[in-house]
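Inside the fold
One-letter residues, chain by chain:
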Amino acid sequence: MKEMTIETLASFCRQYGFIYQGSEIYGGLANTWDYGPLGARLKNNFKDAWRKRFIQERNNSFEIDASILMHPRVWEASGHVASFYDPKIDCKHCKTRFRADNFISEATNGTVSAECMTYEEMQNFIRDNHIKCPVCGREDFTDVRRFSQMFETYRGTVDDNKSVIYLRPENAQGEYVNYINVLRTTRAKLPFSIGQVGKAFRNEVTPGNFIFRTIEFEQMEYQTFCKPGTDLEQYEYFKEYAKRFYIDLGLPEEKLRFHDHEKLVFYAKAACDVEYKFPFGFSELNGTHDRTDYDLSRHQEFSGQKMEYVDPVTNERFIPYIVESTVGVDRGVLALLFEAYHEEELPDGTIREVMKFHPYLAPYKATVLPLIKKRHAEKATEIYQRLSSIFMVDYDESGSIGKRYRRSDICGTPFAITVDDNTLCNNTVTIRDRDTMKQITLSLKEVAEYIGEKIKF
Ligand code: ATP
């Protein structure tokens, strides 16, 4: 079985229509990626799974969809304008740029963490340990400097009257600035949660590893507003809740681990990531953060609007604490792609490639295959039309049935429905299971319910 590296996965994704290089016909724009027909479905299904778990199945949970462009004061209040910087270091010889903390961790095979080091300490560590540039082999670096991750853009009616605004680097602020609106319009009581799914933009020092670290990506952020003193309980709950979410979608527990942050930002009480064992090492999929009352207090200070909550029973007034659960969409998709990929040797010695996605995540739930095009296509089209009004279904009539099974395996389609003479005479079809390759016969009227049951999450 070939080893699935980040490069082989990227080329597999490009070949079959999961993910393409962004702006490919112009030679590509580095670290931008376009989701193709299969990838876009997979990603949407992952987002739907999150919506189901975090919004639909949780009482007092509300989804919003805030603007990407926000008032510039939002980013002053959040602290991003003053401190959303990464430490960068450049090789003076070959001009390659590195994120200094990651550079130290990679150079020491993960044995040294620079999480708690100052810029000066990182610089000294690199110098004292004679760490060489992995690209040109020299030991000639600039000092460690600040690199702003904020993407600036401008708005204004005339060219000389433009003011700076930012592409949001996270979704969370959209939830914080709408806390009062949601409270008022839903009449929710603490604890309650606001979540949203949307794009975020970060000018990363070293993007890379395919869709793991990009400059434009998607997040599913979820803020739980709670009474001070109940925050740590919420924090522990959401740490586990997020991990369970990945396990239920098919990531094996032994390839997941918690990483408690050693260094906390000054206002945070606790922070923990769920990490997945990618081929390039354990890396963050999501974060759970106890952010105290920092965000709402800052917005109260900068906007002049009261952010207090009045307890309906005790009449006590306070600013709620926030526990955040933030899930990266693209990193989740990357882990799911790695986990789904299998190569299996068939009895005839050939190899089949199959994407074993959780059926809920599969881009197509079923594919309809007329055994002989001339004889069965009409009936198969009728079945396809009926089923496609219920879920995403593919239709494939070209090539041998074996080849069509292989194609549907690569797409990760859990069920292949073959239409043959029995369908014409008895209204039955055979359904082949993607993972076991076993076939069963069902009457046509049972098919939708059978598949509907199997694809539940
Ligand atoms: P990292 O330490 O990897 O830079 P972070 O701790 O800064 O990530 P958060 O600010 O907590 O990340 O963002 C929440 C989630 O958004 C992350 O867990 C990750 O899944 C995702 N994410 C953050 N930055 C990127 C990026 N540049 N590309 C893709 N996904 C990202």
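Relevant structure appears above.
What this report covers is the structure whose coordinates are included nearby. All figures in this text were calculated on a predicted structure; none of them were measured in a lab.

Comments concerning the overall build of the chain
Tallying secondary structure elements over the chain gives 15 helices and 23 strands in all. Seen along its three principal axes, the alpha-carbon backbone of the chain occupies a region of about 75 × 65 × 50 Å. By residue count, 51% of the 457 residues in the chain fall in the buried class. Contacts in the chain between residues far apart in sequence, at least 24 positions, make up 66% of those at least 6 positions apart. Only carbon and sulfur atoms are counted for the fraction: they give 48% of the accessible area of the chain, which is about 22,200 Å². The distance from the centre of the 61 positive side-chain charges to the centre of the 69 negative ones in the chain is 3 Å.

Section: the side chain of H80
Looking at the element boundaries, H80 is found in helix α4 (residues 80–83). Look at H80 and you get buried, because its relative accessible area is 9%. Only 2.7 Å separates the side chain of H80 from the side chain of S78, close enough to count as a polar contact. Contacts of H80, omitting those with residues within four sequence positions, involve W75, M150, P169, E170 and Q173.

Thoughts on the site of the ligand
Around the ligand sit 15 residues, and of these R202, E204, R213, T214 and E284 come closest. Between a nitrogen atom of the ligand and a main-chain N or O atom of T214, the distance comes to 2.8 Å. Contact with the protein chains covers 85% of the free accessible surface of the ligand, which is 590 Å². Broken down by element, the residue count for the shell around the ligand peaks at four residues, all from strand β13 (residues 281–290). When grouped by side-chain class, the residues that make up the shell around the ligand number three nonpolar, six polar and six charged.

Points about unusual backbone geometry
Omega for the peptide link from L190 to P191 comes to -10°, which places this bond in the cis form. Locating P191 in the fold gives a position in the loop between α8 (179–186) and β9 (192–201). With phi around 65°, M437 is a residue other than glycine that occupies positive phi space. By the secondary structure assignment, M437 is in the loop between β22 (428–433) and β23 (439–443). Residue M437 is classed as partly exposed on the basis of its relative accessible area of 29%.

A closer look at the side chain of E170
Secondary-structure assignment places E170 in the loop between β8 (163–167) and α7 (172–177). No salt bridge is formed by the buried E170; the nearest opposite charge belongs to R202, separated by 4.8 Å. A polar side-chain atom of E170 sits 2.9 Å from a polar atom in the side chain of Q173. Ignoring anything within four residues of it in the chain, the contact list for E170 reads W75, H80, A200, R202, Q219 and E221.

Comments concerning the sheet that holds strand β21 (residues 415–419)
On the basis of which strands lie adjacent, the open sheet formed by five strands has the order β20-β19-β21-β22-β23 and mixed pairing. Edge positions in the sheet fall to β20 (393–395) and β23, since each of these pairs with one other strand and no more. Between one strand and the next, the sheet's axes are offset by a mean angle of 30°, whatever the strand orientation. The pairing of strand β19 (residues 366–370) with β20 spans three bridges and is parallel. Note that in β20 the partner of T367 across the bridge is D394. Contacts from helix α12 (residues 373–388) reach β19, β20, β21 and β22 within the one sheet, and its direction differs from that of β20 by about 165°. Its contacts with the sheet place helix α15 (residues 444–454) against β19, β21, β22 and β23, and it is angled at close to 125° to β23.

Rules of the game
Residues numbered from 1 in each chain as written. Predicted model: local features only at pLDDT ≥ 70, side-chain atom pairs only at ≥ 80, totals over all residues. Heavy atoms only, no water. Helix = DSSP H or I, 4+ residues; strand = E, 2+ residues; numbered from the N terminus. Buried < 20%, exposed > 50% of the residue type's maximum accessible area, 1.4 Å probe, protein only. Contact = heavy atoms within 4.5 Å. Areas by Shrake-Rupley, 256 points an atom, 1.4 Å probe, with all protein chains shown as cover. Lys, Arg positive; Asp, Glu negative; His and termini not counted. Charge placed at Lys NZ, Arg CZ, Asp CG, Glu CD. Polar contact = N/O pair within 3.5 Å; in protein donor to acceptor, adjacent residues only side chain to side chain. Near = heavy atom within 4 Å. Nonpolar A, V, L, I, M, F, W, Y, C, P; charged D, E, K, R; others polar. Salt bridge = Lys/Arg side-chain N within 4 Å of Asp/Glu carboxyl O. Pairing = 2+ DSSP bridges. Axes fitted to C-alpha atoms, helices over the stretch in contact; angles between N-to-C directions.

No statement about biological role is implied by the geometric values presented.
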